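Here is how the chains run, residue by residue.
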Amino acid sequence: MSEERFELRWDPRPGDWGDALRAVTPLYRWSPWFATAMATFGAVLVVLGMPVPGFFGVGCGLLIAALPMLDVYLSFRRNPVAAATVTATVDESSMRMMTIDGTAYTDLRWSTLAGWLETNRSFVLRTDQATTLFPVPNRAFGAQEERRRFRELLERQVGPEKRVSARRSR
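How each quantity is defined
Residues numbered from 1 in each chain as written. Predicted model: local features only at pLDDT ≥ 70, side-chain atom pairs only at ≥ 80, totals over all residues. Heavy atoms only, no water. Pairing = 2+ DSSP bridges. Helix = DSSP H or I, 4+ residues; strand = E, 2+ residues; numbered from the N terminus. Axes fitted to C-alpha atoms, helices over the stretch in contact; angles between N-to-C directions. Core = buried A, V, L, I, M, F, W, Y, C linked by side-chain atoms within 4.5 Å. Buried < 20%, exposed > 50% of the residue type's maximum accessible area, 1.4 Å probe, protein only. Contact = heavy atoms within 4.5 Å. pLDDT = per-residue confidence, 0-100. Expected span 1.5 Å × (residues − 1). Arc of directions from axis to C-beta. Salt bridge = Lys/Arg side-chain N within 4 Å of Asp/Glu carboxyl O. Polar contact = N/O pair within 3.5 Å; in protein donor to acceptor, adjacent residues only side chain to side chain. Phe/Tyr/Trp six-rings, centres within 6.5 Å; stacked < 30°, edge-to-face > 60°.

K.L.:
Any chance you could break down the sheet that holds strand β4 (residues 105–109) for me, citing the residues and the numbers?
P.N.:
Adjacent strands of a sheet pair through backbone hydrogen bonds, lying either parallel or antiparallel. Read across the sheet, four strands follow the order β1-β2-β3-β4 without closing on themselves; strand pairing throughout is antiparallel. Single-partner strands in this sheet number two, and they are β1 (6–10) and β4. Each adjacent strand pair in this sheet contributes to an overall mean axis angle of 15°, direction not counted. Bridge analysis of β1 against strand β2 (residues 86–90) gives five bridges, and the strand direction is antiparallel.

Put into structure tokens, the structure is as follows:
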């Protein structure tokens, strides 16, 4: 059997980081729900005639909703290579990613992945280090066939899709 190999290319966006964080980090995943609950309770207080705590609750809800998105956007903008076009070569042993300008290179061996999952926007690859995520957006694939091949390769080399909880080192 010949080794399967294909090329990917994408321009990273802040939404890729946000999608990856929402997929694996409870704070990012649940903040919209907390924000909605806080704003709803605040609105109820306003209707019940308590405007000061009510508007405070609505304001807190807006803040809870905005902060995670703002954090992702600012982190993306501060990272000097975050927006650089990425090319990747994928085969049975690893995914080798490099920015077009050569400022960043990663050889991600499948054996180092703790897990992966697929969202509506991307594949999220995660190593044993709790903070290391590799989002591979759907736009990196030329066709649905490439996405299917990538998913099958991950299932073969890493195992079935699974959410990975943050691990604490002892």
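Next comes the rest of the description.
K.L.:
Break down the nonpolar core for me, citing the residues and quoting the values.
P.N.:
A general feature of soluble globular proteins is that nonpolar side chains tend to end up buried together. Membership of the largest hydrophobic core comes to 21 residues, with the highest contact counts inside it found for Leu8, Met95, Trp110, Leu125, Val136 and Phe150. When residues of this core are traced back to their parent elements, those giving at least two are β1, β2, β3 (94–99), β5 (113–118), β6 (122–127), β7 (133–137) and α4 (144–157). Discounting chain neighbours no more than four positions away, the residues touching phenylalanine 150 are Phe6, Val90, Met95, Trp110, Phe123, Leu125, Val136 and Phe141.

K.L.:
Describe the confidence of the model for the protein, naming the residues involved and giving the relevant values.
P.N.:
With 93% of its residues at a pLDDT of 70 or more, the protein has an overall mean of 88. Per-residue pLDDT stays below 50 along residues 164–170; that stretch engages in eleven contacts with residues further than four places along the chain or on separate chains.

K.L.:
Quick one: what's the story with α4, residue by residue and with numbers?
P.N.:
Here α4 spans 20 Å end to end across 14 residues, near enough to the 20 Å set by a 1.5 Å rise per residue. Within α4, burial applies to Glu146, Arg147, Phe150, Leu153 and Leu154. Down the axis of α4, the smallest arc covering the buried residues is 125°, so these residues share one side. Here the buried face of α4 lies against β1, β2, β3, β5, β6 and β7. Phi turns positive, to about 120°, at glycine 159, one or two residues after α4.

K.L.:
Now, about the pattern of salt bridges: what can you tell me, with residues and values included?
P.N.:
According to the stated counting rule, one finds nine salt bridges in the structure shown. Residue aspartate 16 is joined to arginine 139 by a salt bridge in which the shortest nitrogen-to-oxygen separation is 2.5 Å. Placement of the pair is aspartate 16 in helix α1 (residues 14–24) and arginine 139 in the loop between β7 and α4, with a sequence separation of 123 residues. Between glutamate 118 and arginine 147 there is a salt bridge, and its shortest N-O distance comes to 2.6 Å.

K.L.:
Hey, could you go over the environment of aspartate 107 for me, with residue numbers and the actual values?
P.N.:
Within the secondary structure, aspartate 107 is located in strand β4. Taking the C-alpha atoms as reference, aspartate 107 lies 15 Å from glutamine 129; in sequence the two are 22 residues apart. Filtering out sequence-adjacent residues up to four positions away, aspartate 107 remains in contact with Ser94, Met95 and Arg96. Among the polar contacts made by the side chain of aspartate 107, one reaches the side chain of serine 94 at a distance of 3.0 Å. Separated by 3.4 Å, the side chains of aspartate 107 and arginine 109 make a polar contact.

K.L.:
How would you explain the packing of aromatic side chains if you had to name every residue and give the values?
P.N.:
The final tally for this structure, using the stated rule, is seven aromatic pairs. Here phenylalanine 6 and phenylalanine 150 contribute two aromatic rings whose centre-to-centre distance is 6.4 Å and whose plane-to-plane angle is 80°, an arrangement assigned as edge-to-face. Placement of the pair is phenylalanine 6 in strand β1 and phenylalanine 150 in helix α4, with a sequence separation of 144 residues. There is no split in this pair, since phenylalanine 6 and phenylalanine 150 are both buried. A ring pair is formed by tryptophan 116 and phenylalanine 123, whose centres lie 6.1 Å apart and whose planes are at 40°; its orientation type is tilted. Across the pair, phenylalanine 123 and tryptophan 116 agree in class, each one buried.

K.L.:
Please set out the pairing of β4 residue by residue, giving values where relevant.
P.N.:
Looking at chain direction, β3 and β4 are connected through five bridges and run antiparallel. Directly across from serine 94, in β4, lies its bridge partner arginine 109. Connecting β3 to the next strand, β4, in antiparallel fashion are five residues, including glycine 102 with a positive phi near 80°.

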